[in-house]
Amino acid sequence: MKNIFSFPLILIGISMIILGILWMIVDEPWMLDKVANEERLGINFKELFKIDTNSSLPQYLKQIYRFFGLWVLIIGLFTTTLSSAIISKDSKIRIILLLCIGLMSYCGIILAYIWIPSSPFVYLGWIMIILHAISFYAHNKL
C-alpha cells in the first residue's frame, strides 16, 4: 500500500517537473495552449502582437510563463521528493500531501472548466485527480 500511495503522487510530481521545464524553455510558451488562450482572449496571437501598443507583449508573456514554469517545477520537486516511501511513512505527512495535492488538483480542474474548457490541460487535470484518488485510497488502507 505504501507504493500504491507514493507512485501516483510521484507521477504527478514528475509531470509537473516536465511541464515546468517546458514552460521555462519553450520560446513561445503561450503557444503550448494556443487554442484555449486565443479562445479566452477572443483574438489570435498574430493579430494581438500586430497592435502597436502590444509590441512588448511577447517578452512580457515569456517572463510570466518563465516564472510560472519555475513555480510548477518547484511544486513538482516538492511533490516528488515528499512522496517517496521513506518520507510518506508518517501519516501526518501523507495527509498534508493529499490535502495540498488534492486542493491543487480539484481547484485547478474547476478553474480550467471556468476559464479554459477547451484546453488539453483539462485532461491532465482529470489524470491528476484519478492519481490523487488512488493515493487517497491507499492512504485509507494504510
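Scroll up a little and you will see the structure.
All figures in this text were calculated on a predicted structure; none of them were measured in a lab.

A. Highlighting the packing of helix H1 (residues 2-25) against helix H6 (residues 121-141). At a minimum axis distance of 7 Å, the contact between H1 and H6 shows a crossing angle of 155 degrees. With respect to their mutual orientation, H1 and H6 come out roughly antiparallel. Here H1 runs over H6; the crossing is left-handed. Taken together, the residues of H6 that come into contact with H1 (itself represented by Ile 4, Phe 5, Pro 8, Leu 9, Leu 11, Ile 12, Met 16, Leu 19 and Trp 23) are Phe 121, Leu 124, Met 128, Leu 131, His 132, Ile 134, Ser 135, Ala 138 and His 139. For the contact of H1 with H6, the residue count by class is 15 nonpolar, three polar and no charged.

B. Spotlight on the environment of Phe 78. For Phe 78, the location among the structural elements is in helix H4 (residues 57-82). For the pair Phe 78 and Ser 6, spaced 72 residues apart in sequence, the C-alpha separation works out to 13 Å.

C. The arrangement of the packing of aromatic side chains in detail. Overall, the coordinates contain seven aromatic pairs when judged by the stated rule. Ring geometry for Trp 23 against Phe 68: centres 4.7 Å apart, planes inclined by 55 degrees, an arrangement best described as tilted. One end of the pair, Trp 23, is in helix H1; the other, Phe 68, is in helix H4, with 45 residues separating them in the sequence. Judged by its relative accessible area of 8%, Trp 23 falls in the buried class. Judged by centre distance (5.5 Å) and plane angle (45 degrees), the ring pair of Trp 23 and Phe 121 falls under tilted. Remark: Phe 121 occurs in helix H6 and Trp 23 occurs in helix H1; sequence separation between them is 98 residues. Among the residues examined, Phe 121 registers a relative accessible area of 24% and is labelled partly exposed.

Calculation rules
Residues numbered from 1 in each chain as written. Predicted model: local features only at pLDDT ≥ 70, side-chain atom pairs only at ≥ 80, totals over all residues. Heavy atoms only, no water. Axes fitted to C-alpha atoms, helices over the stretch in contact; angles between N-to-C directions. Helix = DSSP H or I, 4+ residues; strand = E, 2+ residues; numbered from the N terminus. Parallel < 35°, antiparallel > 145°, perpendicular 65-115°, else oblique. Left-handed = near helix turned anticlockwise from the far one by under 90°. Contact = heavy atoms within 4.5 Å. Nonpolar A, V, L, I, M, F, W, Y, C, P; charged D, E, K, R; others polar. Phe/Tyr/Trp six-rings, centres within 6.5 Å; stacked < 30°, edge-to-face > 60°. Buried < 20%, exposed > 50% of the residue type's maximum accessible area, 1.4 Å probe, protein only.

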